[in-house]
Each structure stands twice: as structure tokens, then as C-alpha cells.
Amino acid sequence: MARALQLARNATGTAAPNPMVGAVLVQGDRILAEGWHKQAGGPHAEVECLRAFGDGPVPEDAVMVLNLEPCSHHGRTPPCADMLVERGVKHVVVAHADPFPEVAGKGIARLRGAGVRVDVGVREAEARWMNRRFLTSVNEGRPYVILKWARSADGRLDAGPRTERVVQRITGADSHTLVHRWRSEEQAILVGSRTVINDDPELTVRLVAGRSPLRVVLDRDERTPAGSRVYGGGSPALLFTGRSRADLAVDQVIVPKDADPISTMLNELHHRQVRSVLVEGGAMLLQHFIERDLWDEARVFTGPPHFGKGTPAPDLPHAPLRTENIGEDLLHRFHRTQHPADAWCW
Ligand SMILES: [Zn+2]
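Along each chain, residue indices are assigned from 1 in the same order as the chain's sequence is written. Local features are withheld for residues below a pLDDT of 70 in this predicted model, meaning they are given only at 70 or higher, and side-chain atom pairs are given and counted only at 80 or more; totals for whole chains, interfaces and linings count all residues. Side-chain descriptors were evaluated using all non-hydrogen atoms of the structure, hydrogens and water having been removed beforehand.

Caption draft 1: The overall build of the protein, seen in detail. When helices and strands are counted, the protein shows 10 helices and 14 strands. Projected onto its principal axes, the C-alpha coordinates of the protein cover approximately 70 × 45 × 30 Å. Using a 1.4 Å probe on the protein chains alone, a residue whose accessible area is under 20% of its type maximum counts as buried, one over 50% counts as exposed, and one in between counts as partly exposed. When burial is assessed residue by residue, the protein has 51% of its 346 residues classed as buried. For the protein, the proportion of contacts with a sequence separation of at least 24, taken over those separated by at least 6, is 68%. Total accessible area computed for the protein in this model is approximately 15,600 Å², and 50% of it derives from carbon and sulfur atoms. Each helix is a run of DSSP H or I of at least 4 residues and each strand a run of E of at least 2, with the numbering of both proceeding from the N terminus. The contact criterion used is simple: two residues touch if any of their non-hydrogen atoms lie within 4.5 Å. The protein chains shown are the only cover counted for residues, whose accessible areas, like all others here, come from Shrake-Rupley with a 1.4 Å probe.

As C-alpha cells, this is what we get:
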């Protein structure tokens with residue numbers, strides 16, 4: 001199962017909106033074949049694994065190890081549970097069942113109904129943590145929310161308006177690169193209008209290899225300039241606005257005056273099968289997510305500068321579960337439901 005999880009992680013940032021799944025066919029101590037689900041629309045992990053194994057008969061004592069229950073529905077590919085039975089697999093081990101309504105135990109039931117032995121619950125916590133974006137999306141009907149910000153040593157987000165700042169960046173190069181990797185791992189990235197106006201970020205992945213997320217801007221009062229870099233080419237952008245903007249060629253969703261913008265955004269992203277969103281600021285938007293208790297993880301950098309004045313950083317109701325050094329900076333990791341700290345070692 002450790003190897004299956006390792007294989008599954010190869011698809012970090014590419015399997016979404018599907019879950020990450022790895023498959024290993026073993027006989028005793030020997031790995032006969034392996035595979036993983038590379039991207040949505042492509043073959044599932046079980047199919048990749050048996051393709052790698054070849055057309056020959058699967059040995060009677062071989063075991064198929066998977067971190068997720070095999071599918072039982074006709075999606076973009078035929079059901080894997082049927083394929084495992086047809087190929088003569090007699091023993092399957094899975095970490096946990098798939099909560100996706102069209103599967104939800106039916107894959108395991110189909111296997112058992114055909115006389116296949118199925119063991120469930122191996123390395124389950126680790127597997128659930130790995131697929132926390134998919135599981136949160138299916139179970140709670142909203143994307144997995146990761147809040148991210150950087151604060152000065154004295155707890156400020158900035159030292160005042162950009163034009164008056166002496167220090168433009170709180171964190172160092174290593175942290176900056178890490179943030180780009182995080183962007184490549186999530187399906188969407190969200191900022192408020194003030195961040196666009198003050199910082200004019202591009203919000204793409206440039207410092208590491210990987211795909212750029214959908215760039216989402218909340219600007220209810222049409223304050224962001226049409227020439228902002230976030231609306232530029234390279235990767236798609238989605239604007240949540242109070243009124244339709246004819247000066248922008250990006251995708252737009254109208255947030256009615258009396259609607260709650262956070263719920264409107266999360267519902268729309270869920271509707272678009274976005275399983276995760278990285279919220280990069282600013283202060284008010286981050287605070288709204290915290291107050292509404294609509295977040296899962298927070299990743300907070302503390303950099304060396306002292307500002308003495310400026311916007312106070314948001315407050316979280318918990319202590320960090322883990323703190324690590326990233327160059328000259330500290331990275332504090334929080335989880336809303338106080339998930340065990342060793343999760344970040346997996
Ligand atoms: Zn499948």
C-alpha cells in the first residue's frame with residue numbers, strides 16, 4: 001500500500017477533479033506490475049497496472065493493492081470492478097471505500113459478489129489525507145480551502161500602501177518557490193480586489209514545472225483595472241463581479257447584491273468540479289473565510305522584517321500543528337479540524 005500511495009502521488013495536480021489512485025499487483029514479496037491514474041479521462045490505475053502486467057493469466061495468489069475502492073459505474077471508462085473479475089484477480093486490498101455517490105461501496109460489493117476477497121482499511125488515514133481535496137469536495141459539496149499568507153516578524157501583512165513600502169517582500173526565495181509549487185497542486189487560486197490593485201499579481205506557476213490553476217478574482221465593486229496582470233493571457237481567469245464588465249474578456253459570474261460572496265464562489269467552483277482552492281489574500285477575504293469557518297488548511301509564513309505598522313495579519317482560532325524552517329522564514333501549518341500533525345510527514 002505504501003507503494004500504491006507513492007504511485008498515486010505522481011498525479012498530484014493532474015488527476016483532479018478525479019482522486020489520486022495507485023495500483024500494485026503483487027505475488028508474495030514480488031511486484032508483478034504497477035500503475036496510476038495520470039489524468040481525468042485517462043485509464044484508471046487498475047487498468048494501467050493490468051496493461052503493464054500484460055495479457056497473460058493473473059496468478060491465483062496475486063493480490064491487487066489499491067488506495068481507493070475500484071469503480072463500479074460506466075463513466076468515461078468501463079467499471080474497473082468488472083475488469084478485475086474478468087481478469088481473474090482473486091484478492092483485492094483497498095485503503096478505503098470511494099464516497100463518490102455512483103461508487104460508494106458498490107465496487108467492493110461487486111467484487112465480493114463475484115467471490116473476490118476484499119480487505120478494506122489498510123493505511124486508511126494516510127490515503128484519506130492524500131485525497132483530502134476529492135473527499136472534502138464529495139462529502140461537503142465544496143472545494144477544499146487552503147488559506148495562505150505571509151506576515152512580518154511583528155504580525156503584519158504589509159507596512160502600508162505598496163508605493164510607500166521600503167520592504168516589498170516579506171519572505172525569501174525558498175518560500176516563494178514553495179508557493180508556486182502549491183499553486184501547481186490546486187485547481188484554483190483566489191484573491192480579492194485589493195490584492196489585485198495593490199500587488200497586481202499574475203497568479204501563475206512560473207518558478208516550478210506544473211500547470212497554472214484557474215485564477216479567481218472577487219471584485220464586487222468593479223474596482224480592479226482591466227489591464228491587471230491576473231486578467232492577462234497564459235491561463236484562464238474567472239471574475240466574480242457585482243455587474244458584468246464589458247472591458248474584460250474573462251469568464252464572469254455575477255454576485256447579486258444580497259448574496260453571500262463566499263458561498264456564491266464556493267458553489268460556483270464546486271459546480272465547475274473544482275476540488276480545491278488556494279486563497280492568497282488579502283486580509284479581509286482571508287478573515288471572511290476564517291469567520292465563516294469555511295477553510296480546511298492554513299499555511300502561514302513568518303518572515304524576518306519588522307514593520308511596526310500596517311495591516312494586521314488574520315487570526316486563527318488554533319495553534320499551528322507543525323512549524324518548519326523554509327530558508328530564513330518559518331512556515332506554520334494549521335488544520336481546521338486539528339488533523340494529526342504527522343499527516344505532513346506522509
Ligand atoms: Zn475505475
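Caption draft 2: Just the environment of Val 279, in detail. Structurally, the position occupied by Val 279 is in strand β11 (residues 276-279). With near-sequence residues (within four places) excluded, Val 279 lies in contact with Val 145, Ile 146, Leu 147, Lys 148, Leu 190, Leu 285, Leu 286 and Phe 289.

Caption draft 3: Looking closely at the sheet that holds strand β6 (residues 144-151). Pairing between strands requires that DSSP locate at least two bridges from one strand to the other. Spatial strand order, β10-β9-β8-β7-β11-β6-β12-β14-β13: 9 strands in an open sheet with mixed pairing. The sheet terminates laterally at β10 (251-254) and β13 (322-326), the two strands that pair on one side only. Geometrically, the sheet is characterised by an average inter-axis angle of 20° between neighbouring strands, direction not taken into account. Here 6 bridges tie strand β12 (residues 297-302) to strand β14 (residues 329-335), and the two strands are oriented antiparallel to one another. Within β14, the position partnered with Arg 299 by the bridge is Arg 333. Here the axes come from fitting lines to C-alpha atoms, over the contacting stretch only for helices, and the angles between their N-to-C directions go from 0 to 180 degrees. Against the sheet, helix α6 (residues 132-140) makes contact with β6, β11 and β12, and its axis sits at roughly 125° relative to β6, the strand it touches most. Across the sheet, helix α7 (residues 173-185) touches β6, β7 (188-192), β11, β12, β13 and β14, and the angle it forms with β12 is around 165°.

Caption draft 4: Layout of the coordination of the zinc ion. Surrounding the zinc ion are the protein donor atoms His 44 (ND1), Cys 71 (SG) and Cys 80 (SG), at 1.9 to 2.3 Å. Distances decide who is a donor: an N, O or S atom must be within 2.8 Å of the metal, or within 3.2 Å for Na, K and Ca. Water is not included, so sites may look incomplete. Along the chain, the residues that donate to the zinc ion are spaced as H-x26-C-x8-C. Here Cys 71 lies in the loop between β3 (63-68) and α3 (80-86) and His 44 lies in the loop between β2 (30-36) and α2 (45-53), a separation of 27 residues in the sequence. Judged by its relative accessible area of 7%, Cys 71 falls in the buried class.

Caption draft 5: Representation of the sheet that holds strand β4 (residues 91-96) in the model. With mixed pairing, the 5 strands of this open sheet are ordered in space as β2-β1-β3-β4-β5. Strand pairing shows two members of the sheet lacking a second neighbour, β2 and β5 (117-120), which therefore form its edges. Taken pair by pair, the neighbouring strands of this sheet meet at an average axis angle of 20°, ignoring direction. Relative to β5, β4 runs parallel, the two sharing 4 bridges. Of the residues in β5, the one forming a bridge with His 91 is Arg 117. Contacts from α2 reach β1 (22-27), β2 and β3, with the element oriented near 135° to β2.

Caption draft 6: Broad picture of the nonpolar core. Core analysis: the largest hydrophobic core is formed by 31 residues, its most contacted members being Leu 147, Trp 149, Leu 190 and Phe 289. Only buried Ala, Val, Leu, Ile, Met, Phe, Trp, Tyr and Cys residues count toward a nonpolar core, and they belong to the same one when joined by side-chain atoms within 4.5 Å. Leu 25, Ala 45, Val 92 and Ile 108 belong to the second-largest nonpolar core, a separate cluster that totals 26 residues.

Caption draft 7: Structural view of the side chain of Glu 297. The topology assignment puts Glu 297 in strand β12. A polar side-chain atom of Glu 297 sits 2.5 Å from a polar atom in the side chain of Tyr 144. Under the rule applied, a polar contact is a pair of N or O atoms within 3.5 Å (in protein, one hydrogen donor and one hydrogen acceptor; residues adjacent in sequence only if both atoms are side-chain atoms). Side-chain polar atoms of Glu 297 contact the side chain of Arg 299, separated by 2.9 Å.

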